[in-house]
Amino acid sequence: MRRRLLIALTVFATVAVLAFAIPLCLTAATSRTQELILGRTGDADRLAALAVTAAATGDNRALTMEVDRYHDLYGEPVLVIDGRGTPIVNAGVNQQDPVVATALSAARRNQRTATVQRLTPWSNTGLLIARPVGSDTHVDGAVLIEASTATARTDITRVWGIVAVGGLAAMALFTALALMLSRWVLRPLAGLSGSVAELTATLPKPRTATPVTRHHGGPPELRAVAESFDTMALAVRDSARAQRRLVDDTAHAMRNPLAALTIRLDSLEPGVSETALPTLHGATREVERLTALLDGLLDLAVAEGTDFDPTRAPTTDHCDPDTVIDDRIDAWQTAFEHSTQTLVRAPSDSMPVAVTESTAPDTTAAATSPNEAVSADSTSHSDGGQGESTPRGDLFAWPASTHHATEIAVSADVLAQILDVALSNSCRYAGPGSTTYLGVSTEPGWVIVTVTDDGVGVPTAELAELTTRFYRGSSADGIGGSGLGLPIAAALTTSRHGTLTLRPVRPHGLSVIVRLPVGTPR
């Protein structure tokens, strides 16, 4: 590819240099030719004026002396004839030459001199300049000069040589630049091609052929890189699918043994002594924990494997967020009361927003594809203490944001699953006496659902890790959980082209902000 690129750049540089050099050379040759013709024509006119004076006075001595002096100075033959063609002064001209005779005849008839061709280094050595003697109406003879073109051709050759040397220097410079450019462009490509080839060799062969590069041309190196990329993409896709299938199959395959084990443990309870009951109950709890863990892995695999397009989603995949929120508040009310916590609905025309010390605006952007990462704003200050709070003052800001009845491009089950994760975390980790606010607001094209509590909160440094699988914050020590809830909610949100943001509140607490696209009317 480097050779082809160098050839292309060199040809382009050659054309550019020639497009500049050729007109310059021709212009220089034309200018020197005109200079020679004008000079010799002026000399011939001056001699013709002396011939007129000599004819009027009958004395040719001055004319003869001037012609001889001119011939001795320039070494060019000169001939002056009268009206009958008789030579008056002849300084080395062969009057019998047909070309000379034709030029003299044309001058005696006062005809316009033929256009002289542009001189070149290989032009003829001589040039005939013939001028009539007399006036335009009465011609009394002619003057002819055999001008030498040697000096003019030498000057033209020198100029052309200078242009040629400059052109070669420019070509050398352009070639060097083309070589540097080709190396600069192709070196990363060669490294990329090698890296892709090495990576592709370690991946399993894709089950389908690479379809992209068959219908496109281009250099062989670029086609090879494209084919390697296609192969790698297909292999990675197959590997991701195989991984999801493995998780799915494993979760399904282990459910039945765990269910059987649970039944066996329950059946053992009547026959177990009082001293062994704590051990039996611990084993039962571990089995239940493993079952919940498998269910979470299965939900996560399903969420990450979903390819959802909100613009093409059927109306059955739309829901009214107000209805879902009211349903989840009703479902979780008992659990919050049992934990001595409060779950309330935020005002319908506002949304509780976690604020920082400087009340910084939300910088989270909406996801444009299911593969976008879940964002977590870790710029806010988080205080781990506890205290009473209300939905005003230092804890929450209540921006005016009128909410209208708007459907979102998410099914009620999916939204409920996302909210259940946030509500479960608040119920488990916010702590006794805390209050959780569940609200919804809208903005053009989006619906924002928030779950905000004034509990113990999460250290700012841990916020970015909360959506990582199996990660559990320091505030969750000693409290049950699998570490899969928020990753599942994040995967469900991003698969619906939304975002899930975690943000601390002041003076303590945590806010989960779910931003989902509005459903397209059908």
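Being a predicted model, the structure only gives us computed values, none of them experimental.

Let's talk about the pattern of salt bridges
When the charged atoms of two side chains lie near each other, side chains of opposite charge can form a pair.
In step 1: Applying the stated criterion across every chain yields a total of 14 salt bridges.
In step 2: Glutamate 35 is paired through a salt bridge with arginine 32; the nearest N and O atoms lie 3.8 Å apart. Residue glutamate 35 and its partner arginine 32 are both found in helix 1 (residues 2–57); the two are separated by three residues, about one turn of the helix.
In step 3: The class for glutamate 35 is partly exposed, based on a relative accessible area of 48%.
In step 4: It is possible to trace a salt-bridge network through shared partners that takes in Arg32, Glu35, Asp155 and Arg158.

Overview of helix 3 (residues 98–108)
In step 1: Buried within helix 3 we find Val100, Ala103, Leu104, Ala106 and Ala107. The buried side chains of helix 3 occupy one side of the element, clustering within an arc of 160 degrees when seen end-on. Across helix 3 from its buried face, at more than 90 degrees, point the exposed residues Pro98 and Thr102.

Digging into the side chain of threonine 436
In step 1: Looking at where threonine 436 falls in the secondary structure, it is placed in strand 8 (residues 435–443).
In step 2: Once residues within four sequence positions are removed from consideration, threonine 436 is found in contact with Phe336, Thr342, Leu343, Val344, Leu423, Ser426, Val451, Thr452 and Asp453.

With respect to the packing of aromatic side chains
In step 1: Going through the model one piece at a time under the given rule, you end up with three aromatic pairs.
In step 2: With a centroid separation of 4.7 Å and an interplanar angle of 45 degrees, the aromatic rings of tyrosine 70 and tyrosine 74 are classed as tilted. Of this pair, tyrosine 70 and tyrosine 74 both sit in helix 2 (residues 61–74), four residues apart, which is roughly one turn of the helix.
In step 3: By relative accessible area, which is 41% here, tyrosine 74 ends up partly exposed.
In step 4: A centroid spacing of 6.4 Å and a plane angle of 75 degrees characterise the contact between tryptophan 332 and phenylalanine 336, whose relative ring orientation is edge-to-face.

Calculation criteria
- Every chain's residues receive numbers from 1 upward, in the order its sequence appears when written.
- Given that this is a predicted model, residues contribute local features only at a pLDDT of at least 70 and side-chain atom pairs are listed and counted only at 80 or more, while totals for whole chains, interfaces and linings are drawn from all residues.
- Side-chain measures were taken over the full set of non-hydrogen atoms in the model, leaving aside hydrogen atoms and water.
- Counted as salt bridges are all cases of a side-chain nitrogen of Lys or Arg within 4 Å of a carboxyl oxygen of Asp or Glu.
- Helix and strand definitions here come from DSSP, where helices need a minimum of 4 consecutive H or I residues and strands a minimum of 2 consecutive E residues; each element is numbered from the N-terminal end.
- Remark: exposure states derive from per-residue accessible area (1.4 Å probe, protein chains only) relative to the maximum for the residue type, with buried under 20%, exposed over 50%, and partly exposed in between.
- Here the arc refers to the set of directions running from the helix axis out to each C-beta atom.
- By the convention used here, residues are in contact when the closest approach between their heavy atoms is within 4.5 Å.
- Note on ring pairs: Phe, Tyr and Trp rings are taken, using the six-membered ring of Trp, and paired if centres are within 6.5 Å. Classes follow the plane angle, with under 30 degrees stacked, over 60 edge-to-face and the rest tilted.

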